[in-house]
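Fold and contact review
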Amino acid sequence: AQRVTQPEKLLSVFKGAPVELKCNYSYSGSPELFWYVQYSRQRLQLLLRHISRESIKGFTADLNKGETSFHLKKPFAQEEDSAMYYCALTSGTYKYIFGTGTRLKVLA
Amino acid sequence: GAGVSQSPSNKVTEKGKDVELRCDPISGHTALYWYRQSLGQGLEFLIYFQGNSAPDKSGLPSDRFSAERTGGSVSTLTIQRTQQEDSAVYLCASSSVTNEQFFGPGTRLTVL
């Protein structure tokens, strides 16, 4: 079955500490992977996608096909990174599957 | 142009009443999605439209839920005989060939 798993509902880190939000997926083909973010009182928006291989707001994510993972990382967390993060995949046929989300809290 | 818009932003209704939620996607986006966002449940897929047809209705939780899309644009999600467990934020998103989903601000539904 197609599935996206985010094992942590809540992740708290101190400002300046590294952060890693975990995402594992189950899919038989070649999916496209995304991270979406929702800041407080803002709408859900795209953070990054694996095909662009960009670093957005200091975040990076590498697709590991062997481990079927797409973990989101940032070397030094900032307070403004506090938000809800969703990992998602699509097969390119408009079918989207989202994980249950991880709430990141960056403590001062 | 404007992003995805949804109305109303908030809806409070009594148990047993019907509600209609509206989504206005980005002009030219052929794909439209409805999701439900509940505390602790993440994003729950409800239905997907390609143009006016809905090839995937697998996420609709019961036959009280229905959705339509007309003119390849505006979509309405209807919940009949609302129950308290229907209380949630209902999100709409649209996308084009790039596969990026653009989300609306959501409608917060509270069933008393």
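Reference entry: report on the structure contained in this document. (Residues numbered from 1 in each chain as written. Chains lettered and ligands numbered in written order. Predicted model: local features only at pLDDT ≥ 70, side-chain atom pairs only at ≥ 80, totals over all residues. Heavy atoms only, no water.)

**Examining the overall build of chain B**
For clarity, the threshold we go by: Each helix is a run of DSSP H or I of at least 4 residues and each strand a run of E of at least 2, with the numbering of both proceeding from the N terminus. Every radius of gyration here is taken over C-alpha atoms, with the globule rule written as 2.2 Å times N^0.38, N being the number of residues. The classification of residues rests on relative accessible area computed with a 1.4 Å probe and restricted to protein chains. Under 20% of the type maximum is buried, over 50% is exposed, and intermediate values are partly exposed. Whether two residues are in contact is decided by their heavy atoms: any pair within 4.5 Å suffices. Surface accessibility follows the Shrake-Rupley procedure with a 1.4 Å probe radius. Residue values consider only the protein chains on display as shielding. We count Lys and Arg on the positive side and Asp and Glu on the negative side, and we leave His and both chain ends out. The atom standing in for a charge is NZ when the residue is Lys, CZ when it is Arg, CG when it is Asp and CD when it is Glu.
Counting secondary structure elements, chain B contains zero helices and 11 strands. Whereas a compact globule of 112 residues would reach a radius of gyration of roughly 13 Å, chain B reaches 13 Å, a difference of no more than 12%. For chain B, the C-alpha atoms occupy an extent of roughly 40 × 25 × 25 Å along the three principal directions. Relative to its full complement of 112 residues, chain B shows a buried share of 49%. Sequence separation of 24 or more characterises 52% of the internal contacts of chain B that already satisfy a separation of 6 or more. As displayed, chain B offers around 5,200 Å² of accessible surface, 46% of which is attributable to carbon and sulfur atoms. Taken as two groups, the 10 positive and 11 negative side-chain charges of chain B have centres that lie 4 Å from each other.

**Here we look at the sheet that holds strand β7 (residues 60-61) of chain A**
Residues and elements named next belong to chain A. Under the convention used in this document: At least two DSSP bridges between two strands are required for those strands to pair.
An order of β3-β8-β7 is seen for the three strands of this open sheet, with the pairing classed as antiparallel. Every other strand in the sheet has two partners, leaving β3 (19-21) and β7 as the edge strands with one partner each. Pairing analysis gives two bridges linking β7 to strand β8 (residues 72-74), with the strands arranged antiparallel. Bridge pairing in β8 places Ala61 opposite Leu72.

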